[in-house]
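What follows is each chain in one-letter form.
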Amino acid sequence: MCGIVGAVAERPVNRILIEGLKRLEYRGYDSAGVALSEAGTLNTVKAVGKVANLEAAVAESGVSGHTGIAHTRWATHGGVTEVNAHPHISNNEIALVHNGIIENHESLRAVLKDDGYTFLSDTDTEVMVHLIHQLRQQHNSLLDSVKAAVKQLEGAYGTVVFDKANDNEIIVARSGSPLVIGLGLGENFIASDQLALLAVTRNFIFLEEGDVARITRDTVEIYDINGEPVEREVVESNISQDVSGKGEYRHYMLKEIYEQPMAVRNTLEGRLDGDRVSVDAFGDQANQIFKDVKHVQIIACGTSYHSGMVARYWLEQYAGVSCNVEIASEFRYRESFVHENSLLVTISQSGETADTLAALRLAKEQGYMASMTICNVPGSSLVRESDLAFMTKAGAEIGVASTKAFTTQLVGLLMLTASIAQEKGRDQSVIVNAIKTLPNKLEESLNMAEGIEALAEEFADKHHSLFLGRGSQYPIAMEGALKLKEISYIHAEAYAAGELKHGPLALIDADMPIIVVAPNNELLEKLKSNVEEVRARGGIIYVFADKDSNFASDDTMRVMNVNHVEDIIAPVVYTIPLQLLSYYVAVIKGTDVDQPRNLAKSVTVE
Ligand code: M6R
């Protein structure tokens, strides 16, 4: 979603801002802009489309500055135009960028218009810059004006502002949208994601909800939600800087698919102790919590929700605790029942998904015994606000379509299952022994790529598709359908195969490919009956099946064999061929695989 980069330095900051925006491109956006201040002159350059367009426009304009703010916009209010792109400017004096949504923008706009402000854009953001400009006339400093302005705002914001009259400072404010200060030597930075600043610093301060800060070249002053000065911890980041290289791969998504065996190895490293999960894998207090827990409530969105759906099968079967899984945007707006000794688990690649974060905050008021997050980004809001955190070690995931984050989440959830089983005195060695085989099993499934690439040709002219699975493979079918629709734009739906005759069978014809996930488990015969129901109605079936499942290819069925794996890890392994299928179909269709239309990597607004 939107990205922010800002800098105050002695040297020109153009390059730093553009490079920072490039590092945020993976989040998804549709336009970009930069405002630079030099010797009392404020210049703004904007461009629709890629950051490369902005880069060219900045170069052509020749503008430069030692203080500047830059933004990638993912449109919410107002179309994709240069006028609507950030930064927004008030009276050629104050420049502002904003992530989030201002919900009371209409009433603020009406008041500001009455006070003589002219609005150029259709955005909610423009009210902020005029409001700050208006308040600037009543307050001694920009800092106090911003503090006063945020009191009037409803909604979410991560915002960065400067005034060309005093461009040795930038003022930032956070509520609902993350911001991180980057500390340099004689220069300081701000961004919505530490990845943007890795080329210039490794030392970060993560702002907390309600914080307002004043940043100069040499100083950082932070004020908490009550306006009191606060010290926030400086964190040294060890995140890999190398987010830009696709290496030998054509797309980030393909690279990330192939990184999965390594990502799983990294996630397991140091966390297994013989045939047990190491006690400190989930943090200090985890043992007692796992001993006491009777119910697990999982909250997540999108792909992360699908990993939670898989975990429900595992937790109830192997750990003997009940489990509910809910989409965060639903959970946060209903009155839900909190079971006795209930552990709240959020799952998120980014750790910044607005609905998941809001659900966590709500749940903390509802009497859960503890909260835990399974997350891929250290220092993210979910990690900082949860009692326990299990960090997946997938590394930076750049492709909008989540791949290695999903499989490492599944590994984290398997380890959670084993840990709870362990504390409940159940045998968990079967889980741990199966987990250990995962990296090799994933490597084997990647060997299916060539066959799947050929198969993908058959999907290129299709408009609809149906994914089927049973048991813990049902969520894998859901994830397969999400991947296909997300990057190839083919309509894809997933069903638990037993539901076919309750409606979806009506859809079956030769133009509707049916993708079936069929490991050799106790549900196989049931699944085979479902497949026959589809065949009898003229459907073309694509089965990803265990070698021993005894499916045979013919005119109406293509069988792709998957090496045998233990049932408990089969959901992880069967994910890979479905990812590859979506990838190759998208490549054939020529879509933007890494940044599919209308989507953002990190959904930081509702
Ligand atoms: O960062 P999160 O895991 O919280 O993100 C949740 C979803 O937005 C995300 O999984 C989305 O569904 C992916 N684009 C799917 O590939």
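Residues numbered from 1 in each chain as written. Predicted model: local features only at pLDDT ≥ 70, side-chain atom pairs only at ≥ 80, totals over all residues. Heavy atoms only, no water.

*Asks:* Kindly report on the packing of helix α9 (residues 302-319) against helix α16 (residues 474-488), identifying the contributing residues and their values.
*Replies:* For the pair α9 and α16, interaxial distance at closest approach is 8 Å and the crossing angle is 170 degrees. Classified by the interaxial angle, the pair formed by α9 and α16 is roughly antiparallel. Counting all contacts with α9, which are made through G302, T303, Y305, H306, M309, V310 and Y313, the residues of α16 involved are Y474, P475, I476, M478, E479, L482 and K483. Grouping the constituent residues of the contact of α9 with α16 by class yields nine nonpolar, three polar and two charged. (Axes fitted to C-alpha atoms, helices over the stretch in contact; angles between N-to-C directions. Helix = DSSP H or I, 4+ residues; strand = E, 2+ residues; numbered from the N terminus. Parallel < 35°, antiparallel > 145°, perpendicular 65-115°, else oblique. Contact = heavy atoms within 4.5 Å. Nonpolar A, V, L, I, M, F, W, Y, C, P; charged D, E, K, R; others polar.)

*Asks:* Residue-level account of the site of the ligand, with values.
*Replies:* Residues in close proximity to the ligand total 15 residues, the closest being S304, S348, Q349, T353 and E486. Contact between the ligand and T303: an oxygen atom at 3.1 Å from a main-chain N or O atom of the residue. Here S350 contributes a side-chain N or O atom positioned 2.7 Å from an oxygen atom of the ligand. Protein chains bury 91% of the 410 Å² of accessible surface belonging to the ligand in isolation. The set of elements that each furnish at least two residues to the shell around the ligand consists of α9 and α16. Looking at side-chain class alone, the shell around the ligand contains five nonpolar, eight polar and two charged residues. (Near = heavy atom within 4 Å. Polar contact = N/O pair within 3.5 Å; in protein donor to acceptor, adjacent residues only side chain to side chain. Areas by Shrake-Rupley, 256 points an atom, 1.4 Å probe, with all protein chains shown as cover.)

*Asks:* Could you give an account of the sheet that holds strand β13 (residues 220-223), naming the residues involved and the relevant values?
*Replies:* Ordered by their spatial adjacency, seven strands build an open sheet running β5-β6-β7-β8-β12-β13-β14, and the pairing between neighbours is antiparallel. Looking at the sheet topology across the chains shown, the edges are occupied by β5 (88-90) and β14 (229-230). Note: strand β7 (residues 157-163) against strand β8 (residues 169-175), five bridges, orientation antiparallel. Residue Y157 lies in a different strand from β8, and its bridge partner there is S175. (Pairing = 2+ DSSP bridges.)

*Asks:* Help me get a handle on the environment of S31, residues and values and all.
*Replies:* Tracing the backbone shows S31 in strand β2 (residues 31-38). Residue classification places S31 among the buried residues on the basis of a relative accessible area of 0%. When the C-alpha atoms of S31 and H71 are compared, they prove to be 8.4 Å apart, with 40 residues separating the residues in sequence. Among residues more than four places away in sequence, those in contact with S31 are A47, V48, G49, H71, T72, R73, V80 and A85. A distance of 3.4 Å separates a polar atom in the side chain of S31 from a polar atom in the side chain of D30. (Buried < 20%, exposed > 50% of the residue type's maximum accessible area, 1.4 Å probe, protein only.)

*Asks:* Explain the sheet that holds strand β24 (residues 491-496) residue by residue, including any values.
*Replies:* Spatially, the five strands line up as an open sheet ordered β24-β23-β25-β26-β27, and their pairing is parallel. The open sheet terminates on both sides in strands that have one partner only, identified here as β24 and β27 (557-562). Each strand axis lies, on average, 20 degrees off the axis of its neighbour in the sheet, ignoring direction. Strands in contact with helix α15 (residues 449-456) are β26 (541-546) and β27; relative to β27, the strand with the most contacts, it is inclined by about 160 degrees. Sitting on the sheet, helix α17 (residues 524-535) is in contact with β23 (464-469), β25 (514-518), β26 and β27, with an inclination near 165 degrees to β25.

*Asks:* I'd like a rundown of the pairing of strand β11 (residues 203-206), residues and numbers included.
*Replies:* Of the strand pairs in this sheet, strand β9 (residues 180-183) and β11 are connected by three bridges, and their pairing is antiparallel. Bridging from a neighbouring strand, I181 pairs with I205 of β11. Here β11 pairs with strand β15 (residues 235-236) via two bridges, running antiparallel. Bridge pairing links N203 to E236 in β15.

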